[in-house]
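Listed below are the residues making up each chain.
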Amino acid sequence: DRARIWYARFFVLLIVVVTFVLSLFPRAVFDLGLWSFSGSSGLFPLVFASVYWRKLTASGAIASVLVTGLVWFVLFYRSDFGGNARYTFPEQALTLGPIVIPPMLAVVTICAASTLTLVVVSLVTKPPKPEVVRRFFD
C-alpha cells in the first residue's frame, strides 16, 4: 500500500511539473487543447447514435472509435504534431466534378469520418436483437 501511495504521489507531481512547463508556453497549451477537443468531439456521433438510433451495432461503435482515433492521429501528424494550429483538411479546396470540398478544421473531418463509419458499419453488420433494443428503447 505504501508503494502505491508513493507511485500516486509521484504521478501527481509529474503531472504538476508537466502542466507547469506547458503553462510557460501559453500558445502551445491552447493548441493542444484545440487538438484534444477535436479528438474527443469525434466521439459525439457515437454518443448521439447510442441514445437515439436503434440500429446501432457494437461493430459500428467499435469501428467508429477506431476510425476517430486513426483520423485524429493522421491529422495531428500532418499538422506537425499540433505545430500548425490552423491546420485544415484538405489543405486546399478539393474539386470532385461539380462538388467542391473546402478546407475544414480537423474537428469537421474527424466527426464526418466517425459518423460515416458508424452508419456504414452498423448498416452492413447484423442488427441488434429485438430484446436488446427493447431493453434500451422501451
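*Asks:* How should the overall build of the chain be read in this particular structure?
*Replies:* Counting its regular elements, the chain contains 6 helices and 4 strands. Shown N-terminal to C-terminal, the secondary structure of the chain runs as helices and strands in the order α-α-α-α-β-β-β-β-α-α. Relative to a compact globule of 138 residues, whose C-alpha radius of gyration would be 14 Å, the chain shows 20 Å and is clearly more extended. Along the longest, intermediate and shortest principal axes, the C-alpha atoms of the chain span 50 × 50 × 20 Å. A burial count over the chain gives 24% of its 138 residues as buried. Of the roughly 10,000 Å² of accessible surface on the chain, a fraction of 73% belongs to carbon and sulfur atoms. When the 12 positive and 6 negative side-chain charges of the chain are each reduced to one mean point, those points stand 7 Å apart.

*Asks:* Would you take a moment to explain the pattern of salt bridges for this structure?
*Replies:* Overall, the coordinates contain 1 salt bridge when judged by the stated rule. For glutamate 91, the salt bridge goes to arginine 78, with nearest N and O atoms at 2.6 Å. Here arginine 78 lies in helix α4 (residues 58-78) and glutamate 91 lies in the loop between β1 (88-89) and β2 (94-96), a separation of 13 residues in the sequence. You can call glutamate 91 partly exposed: its relative accessible area is 39%.

*Asks:* Looking at this model, I keep getting lost on the packing of helix α3 (residues 44-52) against helix α5 (residues 106-124). Mind explaining?
*Replies:* Working note: a packed helix pair is described by the angle between its axes plus the distance between those axes. One way to put it is that α3 packs onto α5 with a least axis distance of 8 Å and a crossing angle of 35°. Taken together, the residues of α5 that come into contact with α3 (itself represented by Pro45, Leu46 and Ala49) are Cys111, Ser114, Thr115 and Leu118. Residue composition of the contact of α3 with α5, by class: 5 nonpolar, 2 polar and no charged.

*Asks:* What should I look at first to understand the nonpolar core in this one?
*Replies:* Nonpolar side chains in soluble globular proteins tend to end up buried together. In terms of nonpolar packing, the biggest core is built from 7 residues, these being Trp35, Val71, Leu75, Phe76, Tyr87, Ala106 and Ile110. Secondary-structure elements contributing two or more residues to this core are α4 and α5. When residues in this core are grouped by element, the largest group, 3 residues, is from α4. Counting 5 residues, the second largest nonpolar core, distinct from the first, contains Leu46, Leu56, Ala61 and Leu118.

*Asks:* Could you clarify how one ought to interpret the layout of surface pockets in this entry?
*Replies:* By rolling a water-sized probe across the atoms, one finds the places where empty space is left. Size it by volume and the largest pocket reaches roughly 180 Å³. Taken together, Ala49, Ser50, Trp53, Arg54, Leu56, Ala58, Pro128, Val132, Val133, Phe136 and Phe137 make up the full set of residues lining the largest pocket. Elements represented by at least two residues in the lining of the largest pocket include exactly α3 and α6 (130-137). A total of 4 residues in the lining of the largest pocket trace back to one element, the largest contributor, which is α6. A class-by-class count of the residues in the lining of the largest pocket yields 9 nonpolar, 1 polar and 1 charged.

*Asks:* So what exactly am I meant to see when it comes to the packing of aromatic side chains here?
*Replies:* Each aromatic ring pair is described using two quantities: the centre-to-centre distance and the angle formed by the ring planes. Scanning the entire structure with this criterion turns up 6 aromatic pairs. When the ring of phenylalanine 44 is compared with that of phenylalanine 48, the centres are 5.9 Å apart and the planes differ by 35°; the resulting orientation is tilted. Remark: phenylalanine 48 and phenylalanine 44 occur in helix α3; sequence separation between them is 4 residues, near one turn of the helix. Overall, phenylalanine 44 belongs to the exposed group, its relative accessible area being 53%. With centroids separated by 4.9 Å and ring planes inclined at 45°, the aromatic side chains of phenylalanine 48 and tyrosine 52 adopt a geometry described as tilted. One end of the pair, phenylalanine 48, and the other, tyrosine 52, are both in helix α3, 4 residues apart, so they sit about a helical turn from each other. Its relative accessible area of 60% is what places tyrosine 52 among the exposed residues. Aromatic ring contacts, followed pair by pair, group Trp35, Trp72, Phe76, Tyr77 and Phe81 into a single cluster. Looking at arginine 9, its charged tip hangs above the ring of tryptophan 6, at a distance of 5.1 Å from the centre.

Thresholds applied
- Per chain, residues are indexed from 1 in the order of the written sequence.
- Per-residue local features of the predicted model are confined to residues with pLDDT of at least 70, and side-chain atom pairs are confined, for both listing and counting, to 80 or more; whole-chain, interface and lining totals are unaffected and use all residues.
- Processing note: side-chain calculations cover all non-hydrogen atoms of the structure and skip hydrogens and water entirely.
- Comment: elements are numbered from the N terminus, with helices defined as DSSP H or I runs of at least four residues and strands as E runs of at least two.
- Radius of gyration means the value over C-alpha atoms here, while the globule rule gives 2.2 Å times the residue count to the 0.38 power.
- Accessibility here uses a 1.4 Å probe with only protein chains present; expressed as a share of the type maximum, an area under 20% marks a residue as buried, one over 50% as exposed, and anything in between as partly exposed.
- Computed with a 1.4 Å probe, the accessible areas rest on the Shrake-Rupley method; for each residue, only the protein chains presented here act as cover.
- His residues and chain termini do not enter the charge count, which takes Lys and Arg as positive and Asp and Glu as negative.
- Positions of charges follow a simple convention, taking NZ of Lys, CZ of Arg, CG of Asp or CD of Glu.
- Whenever a carboxyl oxygen of Asp or Glu lies within 4 Å of a side-chain nitrogen of Lys or Arg, that contact is scored as a salt bridge.
- What counts as an axis is a line fitted to C-alpha atoms, over the stretch in contact for a helix, and the angles between N-to-C directions run from 0 to 180 degrees.
- Residue contacts are counted whenever heavy atoms from the two residues lie within 4.5 Å of one another.
- Basically, the charged four are Asp, Glu, Lys and Arg, the nonpolar ten are Ala, Val, Leu, Ile, Met, Phe, Trp, Tyr, Cys and Pro, and anything else, Gly included, counts as polar.
- In these notes, a set of buried Ala, Val, Leu, Ile, Met, Phe, Trp, Tyr and Cys residues joined through side-chain atoms within 4.5 Å is what counts as a nonpolar core.
- Cavities and pockets are found on a 1 Å grid laid over the protein atoms alone: a cavity is a set of points where a 1.4 Å probe fits but cannot escape, a pocket is an open set with protein on both sides within 12 Å along at least five of seven lines, and a lining residue has an atom within 4 Å of such a point.
- Grid points are joined across faces, edges and corners, and a volume is the space filled by probe spheres set on the points.
- Whether two aromatic rings pair depends on their centres lying within 6.5 Å, for rings of Phe, Tyr and Trp, where Trp uses its six-membered ring; planes under 30 degrees apart make the pair stacked, over 60 edge-to-face, and the rest tilted.
- We count a charge as sitting over a ring when the NZ of a lysine or the CZ of an arginine lies within 6 Å of the ring centre and within 35 degrees of the ring normal.

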